[in-house]
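Per-entry structural report
In case you want the letters, here they are:
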Amino acid sequence: MKRKVALLLCLALTGTMVLGGCGSSKGDSDGGEKDASKDSQKTKWASTDETFNPLDEKDAISFEDLREKLGAISKSDKEFSFAGNVKAFENVVWQEIANGYEGFADDAKAAGRKLTVDTTSPMGESDEEGQLSILKDQVRQGVNAVLLSPISDANCLPGIEAAHDADIPVFAVNNEFNGADMFVGPNSLEQGEIAAEWVNDKIGGKGEVAIVMGMAKTGVTRNRTEGFESWFKENNPDIEVVAKQNADWDRSKAKDVAATFLKTYPDLKAVFCNNDVMALGVVEAVKEANLELNKDIYVIGCDGQSEAYDSIRAGEMAATIDSFPYYEGYMAAEVCYRWMIGQDVPKVVFTPCRMLDSTNVDKTAEENLGWEAPTFE
């Protein structure tokens, strides 16, 4: 997998890009390029002081509907440089999102567009200060837009404010944060609901289940957890969430949390994990407890990383809610590019996710996703 860490020097973003009340770009009504004649007008960017929740946006749209609405990617001879900033390359999900950014850039260049995307990350998913330092460097280099996936809700806020001071838009990818000018990623509440419905069917509509959560400081953790819990409350109170605990996206911590769950609740039927890394740790705990996976207990993850696929094929993990990270990154870069050239893009674009288990894990991502490449005018 390619890992680009160099930052490209380029011209700072020019022209007027005003985010209105609904978060849409103010391009030409026919989807053409933005009017660059109002260079003196100050851009209005999102505020880091105001809570941003993609689920609250009334004009949110699915990526599939966005493509249907906008059609082909408009012609443009403008040159753009995007900076990707992800949580950590040590997690294959973030590697794949970065590769997706590059994949769109490659296709755009093949279509005659002038676009580069360079992505970097801190040393690990707990290096909050390191990620902020990287973001500040990216802003100083003068990129045209930042595709950002911060470690926590708040660790990158000073860098986001610096970007806005430099008239650089910041796109939230995968997880939301205050100050995001746009959001592109899966509906994390829906992911929890999908997992709950699958568990309900597998365990026969009755029993005890538990949740291993990610970092408490992220919206993804809150939404995936809430979606899972609320589905049972609204649809089947005979299934009870008897325990939930944070493991901070860490495999070893998740294993320890699960070991405690299994001792405390010997009748536990399923464990939903906020990501696949933690689910793999839970699988280890279940094995050490001499329980039979996919019979005595089911372990469900989220993200759709390659090791989770292998675990499902081996009959260990039961399922994962795949957000197709490569294509999520590709879609985020495409949405960003469409916005930059003036197409009418709402503030929130939800990318698709699918439940993968033994019935479809051997299908390609393109088959499970129904993927089609974009059309360029």
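This structure is a prediction, so every number in the text was calculated from the model and none was measured. (Residues numbered from 1 in each chain as written. Predicted model: local features only at pLDDT ≥ 70, side-chain atom pairs only at ≥ 80, totals over all residues. Heavy atoms only, no water.)

1. Thoughts on the packing of helix H1 (residues 63–70) against helix H10 (residues 325–340)
Closest axis-to-axis distance for the H1/H10 pair is 12 Å, and the angle between their directions is 35°. Relative to H10, the crossing made by H1 is left-handed. Seen from H1, the contacting residues are Phe-63, Leu-66, Arg-67 and Leu-70; seen from H10, they are Tyr-330, Met-331, Glu-334, Val-335 and Arg-338. Of the residues in the contact of H1 with H10, the class split is six nonpolar, no polar and three charged. (Axes fitted to C-alpha atoms, helices over the stretch in contact; angles between N-to-C directions. Helix = DSSP H or I, 4+ residues; strand = E, 2+ residues; numbered from the N terminus. Left-handed = near helix turned anticlockwise from the far one by under 90°. Contact = heavy atoms within 4.5 Å. Nonpolar A, V, L, I, M, F, W, Y, C, P; charged D, E, K, R; others polar.)

2. Observations regarding unusual backbone geometry
In this structure, Asp-167 takes a positive phi of about 60° despite not being glycine. As for its placement among the helices and strands, Asp-167 is situated in the loop between helix H4 (157–165) and strand E5 (170–173). When its relative accessible area of 19% is taken as the criterion, Asp-167 is described as buried. The backbone phi angle of Asn-290 is positive, close to 60°, even though this residue is not glycine. When its relative accessible area of 69% is taken as the criterion, Asn-290 is described as exposed. (Buried < 20%, exposed > 50% of the residue type's maximum accessible area, 1.4 Å probe, protein only.)

3. Side note on the side chain of Thr-351
Mapped onto the fold, Thr-351 is located in the loop between strand E12 (348–350) and strand E13 (354–356). Classification of Thr-351 by relative accessible area gives buried; the value is 5%. What Thr-351 contacts, discounting residues up to four positions off in sequence, is Phe-63, Val-184, Gly-185, Pro-186, Asn-187, Glu-328 and Met-331.

4. Points about a negative patch on the surface
Among the surface-exposed residues, Asp-49, Glu-50, Glu-161 and Asp-165 lie close enough to one another that they form a single negatively charged patch. Its place among the elements puts Glu-50 in the segment before strand E1 (61–62). Overall, the relative accessible area of 55% leaves Glu-50 in the exposed class. (Patch = residues over 30% accessible without salt bridge, like charges linked within 9 Å, V, L, I, M, F, W, Y side chains within 5 Å. Areas by Shrake-Rupley, 256 points an atom, 1.4 Å probe, with all protein chains shown as cover. Salt bridge = Lys/Arg side-chain N within 4 Å of Asp/Glu carboxyl O. Lys, Arg positive; Asp, Glu negative; His and termini not counted. Charge placed at Lys NZ, Arg CZ, Asp CG, Glu CD.)

5. Concerning the sheet that holds E13
Strand pairing in a sheet takes place through backbone hydrogen bonds and is either antiparallel or parallel in direction. Strands sit in the order E8-E7-E9-E10-E11-E13 across an open sheet of six strands; the sheet is mixed. In the strand order of this sheet, the two ends are held by strand E8 (239–246) and E13, each with one partner. Each strand axis lies, on average, 20° off the axis of its neighbour in the sheet, ignoring direction. Strands strand E7 (207–213), strand E9 (268–273), strand E10 (298–303) and strand E11 (319–322) of the sheet are contacted by helix H8 (residues 276–288), whose axis makes an angle of about 165° with E10. (Pairing = 2+ DSSP bridges.)

6. Observations regarding the environment of Phe-228
With respect to the helices and strands, the residue Phe-228 is situated in helix H6 (residues 219–235). The spacing of Phe-228 and Ala-195 is 33 residues in sequence and 6.5 Å in space, taken between C-alpha atoms. Ignoring anything within four residues of it in the chain, the contact list for Phe-228 reads Gly-192, Glu-193, Ala-195, Ala-196, Val-199, Val-209, Ala-210, Ile-211, Val-241 and Phe-272.

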